[in-house]
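So you can see what is in the structure, the chains are spelled out below.
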Amino acid sequence: TFRDLQDDGTEIDLEDDLNLGGDNGNYYYIALEHGVPVLPNIKISRAELDESAPSELSRNITFDDITFPATANVNSSMDLSHTDFTFYYEVLDNWLNLDLGLTARQFDGGFEVRGSDGITTVTASIDMEFTVPLVYAKAQIDLPLTGLYVGTDINWIGYGGSSFHDVWARIGYVFGFGLGIEAGYRQLKLDVDDIDDLEANVTVDGNYLAATFHF
């Protein structure tokens with residue numbers, strides 16, 4: 001759900017009201033690990049999490065101080081795309097791998113609703129363009145002599161009633177020449193409690209399938 005407290009407190013359900021499921025996206029990353037103990041390793045990743053959909057409102061909703069009446073046809077979009085810069089150290093590096101560090105996540109999306117307010121065609125929008133620091137942890141178990149592995153990644157921060165987490169759980173297989181396949185589950189949850197007159201509770205989750213290459 002998404003709520004803009006600058007208005008009348010109307011709560012907007014992204015799926016039920018605006019037909020946004022939030023289950024599509026693409027993810028790319030590259031990680032550089034080196035042998036210098038003092039310097040952290042670095043991982044740069046990009047997630048494209050955007051979706052748009054038309055819908056017919058079943059009730060009045062207020063978004064960014066604009067009220068859209070019931071039965072209005074609107075086009076809505078949600079964009080939670082972001083770029084991560086992760087700096088981490090390998091605490092354990094054998095059959096059990098443990099990485100710890102920090103992530104700077106740069107969001108460059110937002111929410112938009114376009115339609116008629118009963119008089120003219122208008123567009124209401126709220127930007128999500130900011131950078132948030134996150135605690136980063138990655139744990140992975142390599143099953144000996146098999147090429148199989150299982151693991152999880154966690155990015156998290158919490159402050160003053162607000163929190164954000166991004167959790168991955170995965171299983172994969174690496175072939176002898178470095179190419180691999182991976183399947184798993186991801187949940188991204190943003191819970192904002194009255195920051196700059198904004199209150200939001202947004203969850204995007206789903207399964208994924210990926211190709212990997214280790215060199």
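What this report covers is the structure whose coordinates are included nearby.

Criteria and cut-off values
Residue positions are given per chain, counting from 1 as you read along its sequence in written order. Only residues with pLDDT of at least 70 get local features here, since the model is predicted, and only at 80 or more are side-chain atom pairs given and counted; chain-wide, interface and lining totals rely on the full set of residues. Derived side-chain values reflect all non-hydrogen atoms in the structure, with water molecules and hydrogen atoms excluded from consideration. Numbering of helices and strands runs from the N terminus; a helix is a DSSP stretch of H or I covering at least four residues, while a strand is a stretch of E covering at least two. Summary of the burial criterion: residues with accessible area below 20% of their type's maximum are buried, those above 50% are exposed, and those between are partly exposed, where the area comes from a 1.4 Å probe applied to protein chains only. Here a residue-residue contact requires only that any non-hydrogen atoms of the pair lie within 4.5 Å. Residue burial considers only the protein chains on display, and all accessible areas are found by Shrake-Rupley using a 1.4 Å probe. Note that His is not counted, nor are the chain ends; the positive residues are Lys and Arg, and the negative ones are Asp and Glu. By convention, the charge on Lys lies at NZ, on Arg at CZ, on Asp at CG and on Glu at CD. Any Lys or Arg side-chain nitrogen located within 4 Å of an Asp or Glu carboxyl oxygen qualifies as a salt bridge. The definition of a nonpolar core used throughout is a set of buried Ala, Val, Leu, Ile, Met, Phe, Trp, Tyr and Cys residues joined through side-chain atoms within 4.5 Å.

Topic: the overall build of the chain
For step 1, the next point in the chain: Along its length, the chain carries zero helices and 17 strands.
For step 2, the next point in the chain: Taken along the three principal axes of its C-alpha coordinates, the chain extends 65 × 35 × 20 Å.
For step 3, the next point in the chain: Relative to its full complement of 215 residues, the chain shows a buried share of 36%.
For step 4, the next point in the chain: Sequence separation of at least 24 residues holds for 57% of the intrachain contacts in the chain that already meet a minimum separation of 6.
For step 5, the next point in the chain: Of the roughly 12000 Å² that the chain leaves accessible, carbon and sulfur atoms contribute 57%.
For step 6, the next point in the chain: Placing the 10 positive and 37 negative side-chain charges of the chain at their respective mean positions leaves the two points 6 Å apart.

Some details on the pattern of salt bridges
Opposite charge on two side chains permits them to pair, given that their charged atoms come into close proximity.
For step 1, the next point in the chain: According to the stated counting rule, one finds 10 salt bridges in the structure shown.
For step 2, the next point in the chain: Asp17 is the salt-bridge partner of Arg59, the closest N and O atoms lying 2.7 Å from each other. Separated by 42 residues along the polypeptide, Arg59 in the loop between strand E5 (50–56) and strand E6 (61–63) and Asp17 in the loop between strand E2 (11–12) and strand E3 (26–32) bring together distant segments of the chain.
For step 3, the next point in the chain: The class of Asp17 is buried, set by a relative accessible area of 9%.
For step 4, the next point in the chain: With a shortest N-O distance of 2.9 Å, Asp108 and Arg46 are connected by a salt bridge. A residue pair is termed long-range when its members are at least 10 positions apart, and Asp108 in the loop between strand E10 (96–107) and strand E11 (109–116) and Arg46 in strand E4 (residues 41–48) qualify at 62 residues.
For step 5, the next point in the chain: Through salt bridges with shared partners, one network takes in Lys43, Asp153, Arg170 and Glu182.

Brief notes about the side chain of Ser45
For step 1, the next point in the chain: Structurally, Ser45 can be placed in strand E4.
For step 2, the next point in the chain: Setting aside residues up to four positions removed in sequence, Ser45 forms contacts with Tyr27, Tyr28, Tyr29, His82, Thr83 and Asp84.

Notes on the nonpolar core
For step 1, the next point in the chain: Of all hydrophobic cores here, the largest spans 32 residues; its most connected members are Leu18, Phe68, Met78, Leu80, Phe111 and Val202.
For step 2, the next point in the chain: Breaking this core down by element, the ones donating at least two residues are E6, strand E7 (66–68), strand E8 (73–79), E11, strand E12 (121–128), strand E13 (131–142), strand E16 (179–195) and strand E17 (198–213).
For step 3, the next point in the chain: A per-element tally of this core places E12 first, with four residues.

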